[in-house]
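Reading the structure
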Amino acid sequence: MMNFNFGSVIGQIGPNYDPLFYDVMVYIFGTMLFAVFLLGVIAFWLRKKGLGGGTAKEKWTQELERYFQREGIGMIPDEKHHW
């Protein structure tokens, strides 16, 4: 019969096998954290500036403002609109 030691098999995949295991894990984890941070910064920039460099967001807000003025929709209620 073959003498099978389960601990020797497990020891070959993990920190017992490679002395740089924790260094590589910290490097990979740090890289993932930096990637998430970078994506967050990019998402915030796109949220603030828009895809058109700031002009796209301002354009639709100006168009919406013109629509409100044309339709007479405002903060002060008038006789035409009852809401």
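Basis of the calculations
Residues numbered from 1 in each chain as written. Predicted model: local features only at pLDDT ≥ 70, side-chain atom pairs only at ≥ 80, totals over all residues. Heavy atoms only, no water. Helix = DSSP H or I, 4+ residues; strand = E, 2+ residues; numbered from the N terminus. Buried < 20%, exposed > 50% of the residue type's maximum accessible area, 1.4 Å probe, protein only. Areas by Shrake-Rupley, 256 points an atom, 1.4 Å probe, with all protein chains shown as cover. Patch = residues over 30% accessible without salt bridge, like charges linked within 9 Å, V, L, I, M, F, W, Y side chains within 5 Å. Salt bridge = Lys/Arg side-chain N within 4 Å of Asp/Glu carboxyl O. pLDDT = per-residue confidence, 0-100.

Moving on: the overall build of the protein. A count of helices and strands for the protein gives three helices and zero strands. When the helices and strands of the protein are read in sequence order from the N terminus, they spell out α-α-α. Relative to its 83 residues, the protein shows a buried fraction of 5%. Carbon and sulfur atoms make up 67% of the accessible area of the protein, which amounts to about 8200 Å² in all.

Judged by side-chain polarity, Phe34, Phe37, Leu38, Leu39, Val41, Ile42, Trp45, Leu46 and Leu51 come together as a nonpolar surface patch covering roughly 990 Å² of accessible area. With respect to the helices and strands, the residue phenylalanine 34 is situated in helix H2 (residues 21–49).

Here we come to the confidence of the model for the protein. Across the protein, the average pLDDT comes to 77, with 60% of residues at 70 or higher. Helix H1 (residues 6–10) is the least confidently modelled element of the protein, averaging 66 in pLDDT, while H2 averages 91, the highest of any element.

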